[in-house]
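# Fold and contact review
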Amino acid sequence: MSDPAAGTVSPLDGSTLPPVPSSNGEEVKVAVVKAREAQRAWAARPSSEREAALQALATRLLERRSEALEVMGQEMGRGPVDNLFHDLVSAREFVSAVIRAGRKALAPEKISLSMLDWPGKKVTVEAVPRGVVGIIAPWNYPLANFFKHLFPALLAGNGVVLKPSEHTPRTGAWLWKQCVEVLPKDLVQLVQGGGAVGAALLEAGVDALAFTGSVATGKKVAAAAGARLIPCTVELGGKDAAIVLADCNLSRTVAGVLFWAVHNAGQDCSAIERVYVEEAIADRFVEQLARAAKKLRVSVPGAPGEVGPLQNAAQLAIVEAHVLDAKAKGAVVAAGGARTGPGYGYQPTVLDRCTDEMKAVREETFGPVIAVVRVKDAEEAVRRANDSQYGLNGSVWTADLARGEALARRLEVGVAFVNNHSIAGALPEIPWTGVKDTGPGVASSRHAYATFVRRRTVFIDKNAKPDPLWFPFNDDLMAFGEALVARGLGAGAGVFLKLGGLLGKRVKAIQELVG
């Protein structure tokens with residue numbers, strides 16, 4: 001490591017944390033080379049050994065959790081309960097589910113061939129590790145955002161290079177240290193720094209890349225990966241909508257919307273940022289939501305609350321700008337709307353009577369702000385929810401499950417919910433994906449393995465006789481082709497006898513050609 005980066009700031013109290021050196025271009029190249037050398041032996045291990053190693057890694061993460069909670073507390077400003085549940089508590093179960101999904105994705109596939117058309121032949125399609133996978137993760141979940149790619153990539157037999165966000169480098173370094181202690185030497189590498197280091201990682205020759213981050217950066221990353229003809233999965237921004245219908249269980253809906261909007265201070269691509277509530281219950285919904293939001297405590301030094309601070313000054317500035325813009329355009333602040341404490345804390349905020357012209361409705365806020373839009377009915381709610389450049393999650397809250405499911409299927413999103421939101425992100429056997437500017441990437445489930453493996457077809461022919469389609473091209477081959485066409489058009493059993501006779505003639509003709 002070299003070239004110390006600018007020191008990061010504690011979001012809890014604004015104090016300066018010791019700087020973490022950035023990696024230079026040569027160090028990034030060396031990291032990829034080392035991971036590649038270690039990967040060959042790792043890929044040669046039986047899958048059962050790789051599974052056991054990943055379970056051991058998950059166990060170590062939990063056993064050393066106090067270290068992780070302390071580091072994340074410094075970098076995120078969240079309390080220990082917040083950190084434990086957001087990034088660590090289910091590590092063992094997460095890996096077990098990754099293994100179940102991986103067994104399906106990585107199992108060899110036997111292709112069935114017609115014995116008449118392809119006698120003596122068998123085909124197997126195998127999953128072959130790409131080689132070295134680069135993982136560029138953001139700061140909002142500094143461990144969990146690695147898990148969804150790290151464990152599948154390793155299970156598939158790859159080496160990995162981790163690049164944490166420059167805002168949370170210490171948490172990424174802690175994760176890497178645990179990998180070093182449990183996994184084979186050099187299999188997992190670490191590089192540190194900002195966007196230039198991410199670009200250097202691509203240039204260093206990784207075989208695949210998983211990126212989670214902003215839309216603007218994600219488009220550049222995908223273009224760079226495309227230029228190098230390597231697979232790249234991207235998970236970009238979100239502006240999730242919740243549709244609240246008049247027949248919903250109001251208390252449960254308020255509790256669910258509040259949690260999925262404000263947990264992790266709203267710093268989640270799948271946080272509920274827009275709520276379309278039917279006018280018939282809008283007053284009661286806003287009143288109850290605002291009352292609950294006011295009861296949430298924002299973390300301050302020495303007193304962890306339910307809601308941590310924003311992670312950095314730039315994100316706090318965006319949140320403040322969106323709230324000010326909404327107020328200027330007529331929104332009513334039903335709860336919150338102000339900073340707290342000496343760090344980057346911000347009150348859980350409910351904005352009522354929002355309109356489509358407001359930044360809090362159109363742009364990704366990534367903060368503890370809920371924009372409530374009142375609508376006439378479900379049809380208007382669906383139309384306005386879909387009127388967004390993003391499409392990660394969406395939810396419908398109603399007592400009528402059949403109606404809710406029908407409406408959820410009309411949402412232009414990757415993951416649709418009824419009476420819940422975002423929870424699928426913690427379930428490794430469920431595809432996590434989106435549409436529009438959220439990006440087409442798939443994280444989790446067997447469907448994500450296109451990034452981590454390539455498919456290799458192994459075709460074996462044990463037939464001692466030549467294939468009838470080989471040279472020479474003569475009248476017997478033409479007759480053979482016509483008989484195959486007749487079979488395809490539904491001719492009777494006689495065509496099979498004809499094919500058998502022609503097959504013998506073809507074999508004899510080929511043998512005479514080469515004899």
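Quick summary incoming for the structure in this document. None of the values given here were measured: they were computed from a predicted structure.

Before going further, it helps to examine the overall build of the protein chain. In terms of helices and strands, the protein chain carries 17 helices and 23 strands. Each principal axis of the C-alpha atoms in the protein chain carries an extent, and together these give about 90 × 60 × 35 Å. Counting every position in the protein chain, which comprises 515 residues, the buried fraction comes to 52%. For the protein chain, the proportion of contacts with a sequence separation of at least 24, taken over those separated by at least 6, is 71%. Surface exposure of the protein chain reaches about 22100 Å², of which carbon and sulfur atoms provide 56%.

Below, the discussion takes up the pattern of salt bridges. Summed over all chains, the structure comprises 27 salt bridges. Lysine 219 is the salt-bridge partner of aspartate 437, the closest N and O atoms lying 3.8 Å from each other. Within this pair, whereas aspartate 437 is found in the loop between β21 (435-436) and β22 (442-443), its partner lysine 219 is found in helix α9 (residues 215-227), the two being separated by 218 residues in sequence. What makes aspartate 437 partly exposed here is its relative accessible area of 22%.

A few words on the sheet that holds strand β16 (residues 369-375). Strand order in the open sheet formed by seven strands is β12-β15-β16-β11-β10-β18-β19, with mixed pairing between adjacent strands. At either end of the open sheet lies a strand with only one pairing partner, and these are β12 (332-335) and β19 (415-418). Sheet twist, expressed as the average angle between the axes of neighbouring strands with direction ignored, equals 20 degrees. Bridging between strand β10 (residues 240-244) and strand β18 (residues 393-397) involves four bridges; their strand directions are parallel. Note that in β18 the partner of alanine 242 across the bridge is serine 395. Here helix α12 (residues 313-328) sits on the sheet and contacts β12, β15 (349-352) and β16; the angle it forms with β15, its principal contact strand, is near 25 degrees.

Taken together, the side chains of Phe471, Phe473, Leu513 and Val514 present a nonpolar region at the surface, about 490 Å² in accessible area. Among the structural elements, phenylalanine 473 can be located in the loop between β23 (453-461) and α16 (475-488).

As a further point, take the side chain of arginine 78. Its location among the elements puts arginine 78 in the loop between α3 (65-76) and α4 (80-87). Reaching out from arginine 78, the side chain makes a polar contact with the side chain of aspartate 87 at a distance of 2.8 Å. At a separation of 3.4 Å, a polar atom in the side chain of arginine 78 contacts the main-chain carbonyl oxygen of asparagine 140. The residues contacting arginine 78, other than those within four sequence positions of it, are Met72, Gly73, Asn83, His86, Asp87, Asn140, Tyr141, Pro142, Asn264 and Pro309.

Attention now moves to the nonpolar core. Counting residues in each nonpolar core, the largest one holds 43 residues, and the members touching the most others are Leu150, Phe151, Leu154, Leu162, Leu175 and Leu183. Considering every element that reaches this core, the biggest residue donor is helix α6 (residues 144-155), with seven residues. Not counting chain neighbours up to four residues away, the residues in contact with leucine 183 comprise Trp42, Ala53, Leu57, Leu154 and Val188. Counting 29 residues, the second-largest nonpolar core is a separate cluster that includes Ala326, Val375, Ala385 and Leu411.

Further remarks concern the packing of aromatic side chains. Ring pairs (aromatic) are described by centroid distance and by the angle formed between their planes. One pass over the structure, following the stated rule, counts seven aromatic pairs. Considering the side-chain rings of tryptophan 139 and phenylalanine 366, the 5.6 Å spacing of their centres and the 85 degrees angle between planes classify their relative orientation as edge-to-face. Placement of tryptophan 139 in the loop between β5 (132-136) and α6 and of phenylalanine 366 in the loop between α13 (359-362) and β16 is noted, with a sequence separation of 227 residues between them. For the pair tryptophan 139 and phenylalanine 366, one class covers both residues: buried. Taking the centre distance of 4.8 Å and the plane angle of 80 degrees together, the rings of phenylalanine 259 and tryptophan 260 count as edge-to-face. A relative accessible area of 43% places phenylalanine 259 in the partly exposed class. Judged by relative accessible area, which is 13%, tryptophan 260 ranks as buried. By the ring-pair criterion, three or more aromatic residues cluster together here, those being Phe94, Phe147 and Phe151.

Here the focus is the pairing of strand β6 (residues 159-163). Taking burial as the measure, the five residues of β6 include five buried ones, the bulk of the element. Judged by which residues are buried, β6 turns out to be covered on both faces: Gly159, Val161 and Lys163 on one side and Val160 and Leu162 on the other are all buried. Taken together, the five bridges between β5 and β6 define a ladder with parallel strand orientation. Bridge pairing in β6 links glycine 134 to valine 161. Of the crossover connections in this fold, the one passing from β5 over α6 to the parallel β6 is right-handed. In terms of handedness, the path from β6 via helix α7 (residues 169-182) over to strand β7 (residues 188-190) forms a crossover that is right-handed.

Now for the sheet that holds strand β3 (residues 109-111). Strand order in the open sheet formed by three strands is β3-β4-β23, with antiparallel pairing between adjacent strands. Looking at strand neighbours, the two that pair on one side only are β3 and β23, the edges of this open sheet. Between one strand and the next, the sheet's axes are offset by a mean angle of 25 degrees, whatever the strand orientation. Relative to strand β4 (residues 121-129), β3 runs antiparallel, the two being bridged by three bridges. What sits directly across from glutamate 109, in β4, is valine 125.

Here arginine 362 lies in helix α13. When the C-alpha positions of arginine 362 and tyrosine 390 are compared, they lie 9.6 Å apart, and in sequence the two are 28 residues distant. Dropping the residues within four chain positions of it, arginine 362 is found in contact with Lys239, Asp356, Asp387 and Gln389.

Before going further, it helps to examine helix α11 (residues 279-295). If you check α11, its first and last C-alpha atoms are 25 Å apart, about what 17 residues at 1.5 Å a residue would give, namely 24 Å. The largest bend in α11 amounts to roughly 25 degrees and is located at phenylalanine 285. Residues of α11 that are buried include every one of Ile281, Ala282, Phe285, Val286, Leu289, Ala290 and Ala293, and no others. As for α11, its buried residues are in contact with β10, α10 (250-262), β11 (272-278), β12, β15 and β16.

A few words now on the pairing of strand β8 (residues 208-212). Most of β8 is tucked away, with five of its five residues classed as buried. Neither face of β8 is open: one carries Ala208, Ala210 and Thr212, the other Leu209 and Phe211, and all of them are buried. Of the pairings in the sheet, the one linking β8 to strand β9 (residues 232-235) comprises four bridges and is parallel in character. Residue pairing in the sheet places phenylalanine 211 in a bridge with valine 234 of β9. Crossover β8 to β9 through α9 is right-handed.

Criteria and thresholds
Residues numbered from 1 in each chain as written. Predicted model: local features only at pLDDT ≥ 70, side-chain atom pairs only at ≥ 80, totals over all residues. Heavy atoms only, no water. Helix = DSSP H or I, 4+ residues; strand = E, 2+ residues; numbered from the N terminus. Buried < 20%, exposed > 50% of the residue type's maximum accessible area, 1.4 Å probe, protein only. Contact = heavy atoms within 4.5 Å. Areas by Shrake-Rupley, 256 points an atom, 1.4 Å probe, with all protein chains shown as cover. Salt bridge = Lys/Arg side-chain N within 4 Å of Asp/Glu carboxyl O. Pairing = 2+ DSSP bridges. Axes fitted to C-alpha atoms, helices over the stretch in contact; angles between N-to-C directions. Patch = residues over 30% accessible without salt bridge, like charges linked within 9 Å, V, L, I, M, F, W, Y side chains within 5 Å. Polar contact = N/O pair within 3.5 Å; in protein donor to acceptor, adjacent residues only side chain to side chain. Core = buried A, V, L, I, M, F, W, Y, C linked by side-chain atoms within 4.5 Å. Phe/Tyr/Trp six-rings, centres within 6.5 Å; stacked < 30°, edge-to-face > 60°. Right-handed = clockwise from strand over helix to strand, strands pointing away. Expected span 1.5 Å × (residues − 1). Bend = angle between axes of the 7 residues up to and from the residue.

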